[in-house]
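Structural description and commentary
In case you want the letters, here they are:
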Amino acid sequence: MENHKSAITPYEEDQHVIAAAQHILKALAASKTVSNDLRKSLLDLETQISAMSIVNERNGKSIKQLERQLKCCEDKVMRWEEKHSMIWDSSPSESSEYLKVVDEIQALTQSLQNLSVSENWEQIEELLQRANGILQVAMSRLEDELVHILVQHKQYFEPEYMSFHSNRVDMVCDESFRSVEDEQIEEGSQSSGGSQSEASTVDLVNPAILEDLKSIANVMFASKYHQEFCQVFITSRKDALTEYFVILEMEKLSIENVLKLEWHCLNHEIKKWIRAMKIIIRVYLASEKRLCKHILGDFGSFYQFSFSEISQSFMLHLLNFGEAVAMGTHTPEKLFCLLDMYEVLEHLAVDVDILFFEEVGSFVRGEFHKLLRRFGDNVKYTFLAFKNAIATNPSKTRFPGGGVHHLTKYVMNYIKAIAKYGDTLNLLLVDETSIDPAGNKNDTPTLSNSPLACNFRYITTALESNLSNKSKLYKDVALQHIFMMNNIHYMVQKVKSPDLCHFLGECWLRQHAGMFRHAAICYERVTWGSILSMLKDDDSVSNCVSQEKKCKKFSTAFGEVYKNQTGWFIPDPQLREELQISVSQKVVPAYRTYIGRHSSHIAEKYIKYTVDDLQSYILDLFQGSPKSQHRK
């Protein structure tokens, strides 16, 4: 005989058994031969079985009702599975209905789990498996919907959203101090300071769908699919941040690749890094954390974990670039890049501490501050290396024309640019015990006796000593004085700028103004002292021959000065004019007096220069264009 399923359900079989037992117990209790105690026990047992029958009947009816509800939910879920469109692309009512169905499945599952343990456990277990199966299908669908929503509704802001400034100074120079241009140093802009330290937030996804995202999160967390939700959310947001790195033109360079970059390429990458650091930390990550908190803030530490997972690898990428730069060789001209990188890290330190203050962000926070300290050390050591290089810069060849030496331009423009970073350097150099060459005592903390000011005075003193050695390369003592006058005057003009004057002070300016004026006086004495002595009257010499010899000797000496010193160069027009006037005021009147007094004793052919000629020739001096012969 073929086996076949009984038409009677387990529930109906149970009910038949219970009814038979009740009938037997009632019959036994009605027997006259049963004692009273036994009759009471039989009736109590019959009452318990009757109660069990009622519970079983109620459970049976509940199971049937739950089964019908589950079938209805299954149909709705599978109907959506057969469609190719996304639920959240349809009307809001569709998405709301779908979440409602998922809620019903969750409620059905809970009801099945709460049913009393009875002989219907096999049927309950079967329904639970069906409910969990359809719930899994629904969760998988919600994962797809979540990805779709996050991709379709992500928003970007333009990199120019925040206007960040930089202390960037692009110095076109080399390690040997051979070339520098003043105008290139002047381009550095003032630091943005701390006025932009507060983070700004933007909407990284369309605000209109935030509640939908939160609703999906609520449903998935309630179904214990929290890990799946977080994984999908984290992956989607990491993809969005990757795309934004592309918008910022930030390449993922390894430390090895960074160390191999040529200086001009590295300089360009550093500029992009500074800009990206400010935008990513102050705007993007601040906005990302706000988004995580809005969606996952009701679920404890999940929002902190998700934010950390989204941001950590990108933060470490940015920090690794900084680490690579910090590992490189730091010549003086790279100090400005180091300072800019240090300052951006310093200004962002509070933002990073706020973003990653939780335990899950401690690693990023620690790496950030480690890099900040390393850049601080590099800035200090590089600056001190620059300071020492000034004193040891070798003197090899004479600088043409006695003009402003490239070293002087380099150093003065360099420290003028450095002065813009005064606050930062004063903090980093506070432990330095450099002796102030001016002998100033730091009793009262001011800019003029700050650590940076003391170092500036040391640098200018070392520069003066170096220039003094370089001046001795000239055989002509007068040219030595012109060289020192030009270079000290250049230093004074640079220190007059507000950036440096605050540090070196009025006393320094007065002292060095006296130095270049003294050099000018020494030049006049060395060059013109002996020539002017030729024009002095000598009572023992009064005949025509002697006067003619004196006049000829003066003309020859003046001609030699003219020939040589027209090739000397005083680049500052005002300084050049002042010295020309000073020379003219001494030479021209003396010559005019001499000629006027002795014109009757000197033949015209021996008077090579008129007074006007002499005045005109003096104006040719220090132009940097040597004259091979006198002007006619």
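Residues numbered from 1 in each chain as written. Predicted model: local features only at pLDDT ≥ 70, side-chain atom pairs only at ≥ 80, totals over all residues. Heavy atoms only, no water.

Going by an unreviewed UniProt entry, the chain carries the name Exocyst subunit Exo70 family protein and comes from Canavalia gladiata. What the UniProt record of the chain gives under Sequence similarities (unreviewed entry) is the line "Belongs to the EXO70 family." (UniProt positions renumbered as here; feature names shortened; annotations may be inferred.)

Brief notes about the overall build of the chain
Along the chain, the regular secondary structure elements total 20 helices and zero strands. For the chain, the proportion of its 632 residues judged to be buried stands at 47%. Contacts in the chain between residues far apart in sequence, at least 24 positions, make up 80% of those at least 6 positions apart. (Helix = DSSP H or I, 4+ residues; strand = E, 2+ residues; numbered from the N terminus. Buried < 20%, exposed > 50% of the residue type's maximum accessible area, 1.4 Å probe, protein only. Contact = heavy atoms within 4.5 Å.)

A look at the environment of V219
Looking at where V219 falls in the secondary structure, it is placed in helix 6 (residues 210-222). By relative accessible area, which is 6% here, V219 ends up buried. Once residues within four sequence positions are removed from consideration, V219 is found in contact with L99, V102, D103, Q106, M139 and L142.

Digging into the pattern of salt bridges
For the structure on display, the rule yields 17 salt bridges. Between E67 and R130 there is a salt bridge, with its nearest N and O atoms 3.8 Å apart. One end of the pair, E67, is in helix 2 (residues 36-81); the other, R130, is in helix 4 (residues 121-152), with 63 residues separating them in the sequence. On the basis of relative accessibility, which here comes to 31%, the residue E67 falls in the partly exposed class. Here R130 falls in the partly exposed class, since its relative accessible area comes to 24%. Residue R237 pairs with E288 through a salt bridge whose shortest N-O separation is 2.9 Å. With R237 in helix 7 (residues 226-247) and E288 in helix 9 (residues 263-296), the pair connects residues that are 51 residues apart, well separated along the chain. Members of the salt-bridge network, linked through shared partners, are E67, E74 and R130. (Salt bridge = Lys/Arg side-chain N within 4 Å of Asp/Glu carboxyl O.)

Remarks on the nonpolar core
Nonpolar side chains in soluble globular proteins generally cluster together in the buried interior. With 179 residues, the main nonpolar core has F229, W273, F368, F383, F456 and W528 as its most contacted residues. For this core, the leading source of residues is helix 9, giving 17 residues. With sequence-adjacent residues up to four places away left out, F456 is seen in contact with F383, I415, I418, A419, L500, F503 and L504. (Core = buried A, V, L, I, M, F, W, Y, C linked by side-chain atoms within 4.5 Å.)

Quick word on the side chain of Q580
Here Q580 shows up in helix 19 (residues 573-598). Given a relative accessible area of 6%, Q580 falls into the buried group. Aside from chain neighbours lying at most four places away, what touches Q580 is I618, L619, L621, F622 and Q623.

Let's talk about the packing of helix 6 against helix 9
Closest axis-to-axis distance for the helix 6/helix 9 pair is 8 Å, and the angle between their directions is 55 degrees. Of the possible angle classes, the one that applies to helix 6 and helix 9 is oblique. On helix 9, the residues touching L210, E211, L213, K214, A217 and F221 of helix 6 are L291, H294, I295 and L296. (Axes fitted to C-alpha atoms, helices over the stretch in contact; angles between N-to-C directions. Parallel < 35°, antiparallel > 145°, perpendicular 65-115°, else oblique.)

Brief notes about the packing of aromatic side chains
Going through the model one piece at a time under the given rule, you end up with 28 aromatic pairs. Ring centres of F229 and F233 lie 6.1 Å apart, and the angle between their planes is 10 degrees; on these two criteria the pair is classed as stacked. Pair noted here: F229 and F233 are both in helix 7, with a separation of four residues, about one helical turn. Judged by centre distance (5.1 Å) and plane angle (20 degrees), the rings of F554 and Y591 are stacked. (Phe/Tyr/Trp six-rings, centres within 6.5 Å; stacked < 30°, edge-to-face > 60°.)

Structural notes on the packing of helix 19 against helix 20 (residues 611-618)
Between two packed helices, what matters for the description is the angle formed by their axes and the separation of those axes. One can describe the packing of helix 19 onto helix 20 by two numbers: an axis separation of 10 Å at closest approach and a directional angle of 160 degrees. When the axes of helix 19 and helix 20 are compared, the pair comes out roughly antiparallel. Helix-helix and strand crossings are classified by hand; for helix 19 and helix 20 the assignment is right-handed. In contact with Q580, V583, S584, V587, V588, Y591 and R592 of helix 19, helix 20 contributes V611, L614, Q615 and I618. Class assignment of the residues belonging to the contact of helix 19 with helix 20 gives a composition of seven nonpolar, three polar and one charged. (Left-handed = near helix turned anticlockwise from the far one by under 90°. Nonpolar A, V, L, I, M, F, W, Y, C, P; charged D, E, K, R; others polar.)

Overview of unusual backbone geometry
Look at E249: it is not a glycine, yet its phi comes out positive at around 60 degrees. Topologically, E249 is positioned in the loop between helix 7 and helix 8 (255-260). With a phi angle near 65 degrees, F622 is a residue other than glycine that sits in the positive phi range. Residue position: F622 is located in the segment after helix 20. The class for F622 is buried, based on a relative accessible area of 0%.

Re the environment of E333
Along the chain, the position of E333 falls in the loop between helix 10 (302-327) and helix 11 (335-355). Along the backbone, E333 and F386 are 53 residues apart, and their C-alpha atoms lie at a distance of 8.8 Å. A polar contact of 3.0 Å, which involves the side chain of E333, links it to the side chain of T331. (Polar contact = N/O pair within 3.5 Å; in protein donor to acceptor, adjacent residues only side chain to side chain.)

Comments concerning helix 11
Between its terminal C-alpha atoms helix 11 stretches 29 Å, which fits the 30 Å expected from 21 residues at 1.5 Å a residue. Considering bend angle alone, the principal kink of helix 11 is centred on A349 and spans about 45 degrees. By the criterion of burial, helix 11 is predominantly enclosed, with 16 of the 21 residues buried. (Expected span 1.5 Å × (residues − 1). Bend = angle between axes of the 7 residues up to and from the residue.)

Focus on the environment of S313
Mapped onto the elements, S313 comes out in helix 10. Given the relative accessible area of 36%, S313 is considered partly exposed. Separated by 75 residues in sequence, S313 and K238 have C-alpha atoms that sit 9.2 Å apart.

Observations regarding the confidence of the model for the chain
This prediction gives the chain a mean pLDDT of 82; 78% of its residues lie at or above 70. When pLDDT is averaged over each element of the chain, helix 16 (residues 477-495) comes out on top at 97 and helix 5 (residues 182-185) at the bottom at 44. Below pLDDT 50 for its whole length, residues 163-181 participates in 66 contacts with residues either more than four positions away or in separate chains. Low pLDDT, under 50, characterises residues 441-445; the stretch is placed with four contacts to residues that sit more than four places away or in other chains. (pLDDT = per-residue confidence, 0-100.)

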